[in-house]
Amino acid sequence: MPARPTFDLVVAANRLPVDQVARPDGDIEWQRSPGGLVTAMESVMHDQAGAWVGWAGEAGAAPAPFEDSGIYLRPVALSAEEVRDYYEGFSNDTLWPIYHDVIVPASFHREWWSAYEKVNRRFAEAVVEVAAPGARVWIQDYQLQLVPALVREARPDVRIGWFDHIPFPPVGLFAQLPWRLQLLEGLLGADFLGFQRRADAQNFVRACRELLNAKTQRDTVTVPGSDRRVRASAVPISVDFAGLDELARRPETIARSREIRTSLGDPKVLMLGVDRLDYTKGIQHRLKAYHELLDEHRIGPPEVTLVQVATPSRERVEAYRTLRDEIEQTVGRINGEFGQIGAPAVHYLHHSHPREEMAALYLAADVMLVTPLRDGMNLVAKEYVACRYDLGGALVLSEFAGAWHELHQTFACNPHDIEGLKQTILRAITTPDKEKRRMMRALRRRVADHDVQRWAARFLGALDIAPERPSLDPSTGHHHGDEPDMRSNEARGMTQ
Ligand code: ADP
Ligand code: F6P
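Residues numbered from 1 in each chain as written. Chains lettered and ligands numbered in written order. Predicted model: local features only at pLDDT ≥ 70, side-chain atom pairs only at ≥ 80, totals over all residues. Heavy atoms only, no water.

### What to know about the domain arrangement of the protein
Then, number 1: Looking at the protein, the domain boundaries give domain 1 (7-234) and domain 2 (242-449).
Then, number 2: The C-alpha-based centres of domain 1 and domain 2 are spaced at 30 Å.
Then, number 3: On the domain 2 side, the residues contacting the 20 residues of domain 1 number 18 residues.
Then, number 4: Sorting the residues of domain 1 by area buried against domain 2 places Trp-96, Ile-103 and Arg-197 first, and these three jointly supply 31% of that buried surface.
Then, number 5: Summed over the shared surface of domain 1 and domain 2, the result is two salt bridges.
Then, number 6: Taken together, the connections running from domain 1 to domain 2 amount to six residue pairs in polar contact (both at pLDDT 80 or more).
Then, number 7: Among the elements of the structure, helix H1 (36-45) and helix H2 (80-99) are those that each provide at least two residues to the side of domain 1 that touches domain 2.
Then, number 8: With seven residues, H2 is the single largest residue contributor to the side of domain 1 that touches domain 2.
Then, number 9: Tallied by class, the residues present in the side of domain 1 that touches domain 2 amount to ten nonpolar, six polar and four charged. (Domains from an automatic or database assignment. Contact = heavy atoms within 4.5 Å. Buried area = accessible area lost by both parts, 1.4 Å probe. Salt bridge = Lys/Arg side-chain N within 4 Å of Asp/Glu carboxyl O. Polar contact = N/O pair within 3.5 Å; in protein donor to acceptor, adjacent residues only side chain to side chain. Helix = DSSP H or I, 4+ residues; strand = E, 2+ residues; numbered from the N terminus. Nonpolar A, V, L, I, M, F, W, Y, C, P; charged D, E, K, R; others polar.)

This is the structure we're talking about:
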């Protein structure tokens, strides 16, 4: 039997970058997996040799490991019960609501926790199998919070990093979890923990101090019962700026963006929303504001129209099913009241699209509506900016998206304030082009400077030097791993 390959860089994420989909004729097809994590990690992994451990998206036996675009994919099997209890249950009906401000209530079930533990152990075993001696192991997101400690136990030789793609909750919310201590201990198995915002890292450090009685100093936690130190810092994720910029400039993308506008009846103002169909994204708030603007005759089709792309997500979790019904009803109501023949007020698309089509949509949109109630980062906001090489467009961005802490020249909004959101949308429409171009130029500078390649380099750099606090960067006077300019929005008075 040939020796199993091992790698110096191993990524572990709940999903592989591709999902196995069974076609009606029984054949297997591979499709790109949904979500920002895959978008970001895929572009990072294409630049280096490594393995990716993850679930192939279907219940049952795991396919054999295989290579895709130069990445060694090591599938992890989940049974139908594990999909229900570990993925839909504990990950997305317990942790997800707690980590997103309990926008919907969280459910606690002991058998879901048992499945979470069991599946995390299976992921850790797969990581151990493909990690070369001294490898860097990069564990992703809330579904795998026990994996760092499990890998450390089996393989003290490897460097272990974990990145949180979603918010980390304040201790008052986190403390509700009956398994809070096990989760913190699981994470403290890492050498370095990365978060989207400074506040997320601080929430984690505070949870360790208050719930584990751990000694903490600034961004460092001393693991109780040892002298090992773990650093927890903000390393905000980003997009492949150069790749998206290049895609948006292609003549075929530009032609497609024109075609999109023409097929929508050449509106004066095209507004766009692009989200996974998730209650955290504030789609209902956005539709409510839009509905009221139509009702008050402030805007209306055919001059103004809205395209809402809502990717199917977690459709067997009840809160997601309810949300889909609500949104589809609302869209139906708005179109019934305000649509005209050939000119609906909302164009609703409930499926995924190729990257090329997404870029054309971004390029076509005059106003991009990103209005989450809570979002770790929101890569859609950064993708929009990266595609607007023409300096056109306007970004309406919620203060509750991680991206707001970096993107200052936006039309910022509080999506809970419907009246304020309406005013912000109108401002995004009516602000003179010259001013909007100035804003977009500044946004593009920020995203170009802080792209996904830089994010990955910063994360892996911090992992390499952990647990020592990094030296001062002589060029900036800031510590490596800090985001000096990220503080400015917080300094403007927001606390989240
Ligand atoms: P999340 O990780 O919560 O889904 P993000 O905004 O960070 O949210 O990332 C979403 C990613 O999914 C982006 O890369 C976006 O381009 C992609 N995406 C969203 N909707 C679609 C769609 N309908 N088709 C293809 N890609 C999509
Ligand atoms: O970080 C957000 C996230 O939950 C990722 O972990 C995940 O890949 C993505 O959103 C999509 O969600 P799901 O994998 O549950 O479809």
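### Some details on the pairing of strand E3 (residues 28-32)
Then, number 1: Both strand E2 (residues 18-22) and E3 contribute to a ladder of five bridges, which runs antiparallel. Considered in E3, the bridge of Gln-20 is made with Trp-30.
Then, number 2: From the end of E2 to the start of E3, which pair antiparallel, there are five residues, and Gly-26 there has a positive phi angle of about 95°. (Pairing = 2+ DSSP bridges.)

### Here we look at the sheet that holds strand E12 (residues 229-234)
Then, number 1: Taking strand neighbours across the sheet as the criterion, the ten strands line up as E5-E6-E4-E1-E7-E8-E9-E12-E11-E10 in an open arrangement whose pairing is mixed. Of all the strands in the sheet, the pair left with one neighbour each is strand E5 (66-68) and strand E10 (215-217). This sheet shows a mean twist of 25° between the axes of neighbouring strands, independent of strand direction.
Then, number 2: Note: E10 against strand E11 (residues 220-222), three bridges, orientation antiparallel. Its bridge partner lying in E11, Lys-215 is registered against Thr-222. (Axes fitted to C-alpha atoms, helices over the stretch in contact; angles between N-to-C directions.)

### Some thoughts on unusual backbone geometry
Then, number 1: With an omega of 5°, the peptide bond running from Pro-301 to Pro-302 counts as cis.
Then, number 2: Structurally, Pro-302 is set in the loop between helix H10 (283-295) and strand E14 (304-311).
Then, number 3: With phi around 60°, Asp-101 is a residue other than glycine that occupies positive phi space.
Then, number 4: Inspection of the secondary structure puts Asp-101 in the loop between H2 and helix H3 (110-130).

### Points about the pairing of E12
Then, number 1: Here E12 lies mainly inside the structure; five of its six residues are buried.
Then, number 2: Alignment of strand E9 (residues 192-195) against E12, held across four bridges, turns out to be parallel. By the bridge assignment for E12, Gly-194 is matched with Ser-233.
Then, number 3: Sheet topology note: the E11/E12 ladder contains three bridges and is antiparallel. Directly across from Thr-220, in E12, lies its bridge partner Arg-231. (Buried < 20%, exposed > 50% of the residue type's maximum accessible area, 1.4 Å probe, protein only.)

### Notes on the site of ligand 2
Then, number 1: In the vicinity of ligand 2, 14 residues are found, and the nearest of them are Arg-15, Tyr-87, Asp-141, Tyr-142 and Arg-314.
Then, number 2: Gln-143 is positioned with one of its side-chain polar atoms (N or O) 3.2 Å from an oxygen atom of ligand 2.
Then, number 3: Contact with the protein chains covers 94% of the free accessible surface of ligand 2, which is 370 Å².
Then, number 4: Ranked by the residues each element gives to the shell around ligand 2, the list is headed by H2, at three residues.
Then, number 5: Here the shell around ligand 2 is composed, by residue class, of six nonpolar, four polar and four charged. (Near = heavy atom within 4 Å. Areas by Shrake-Rupley, 256 points an atom, 1.4 Å probe, with all protein chains shown as cover.)

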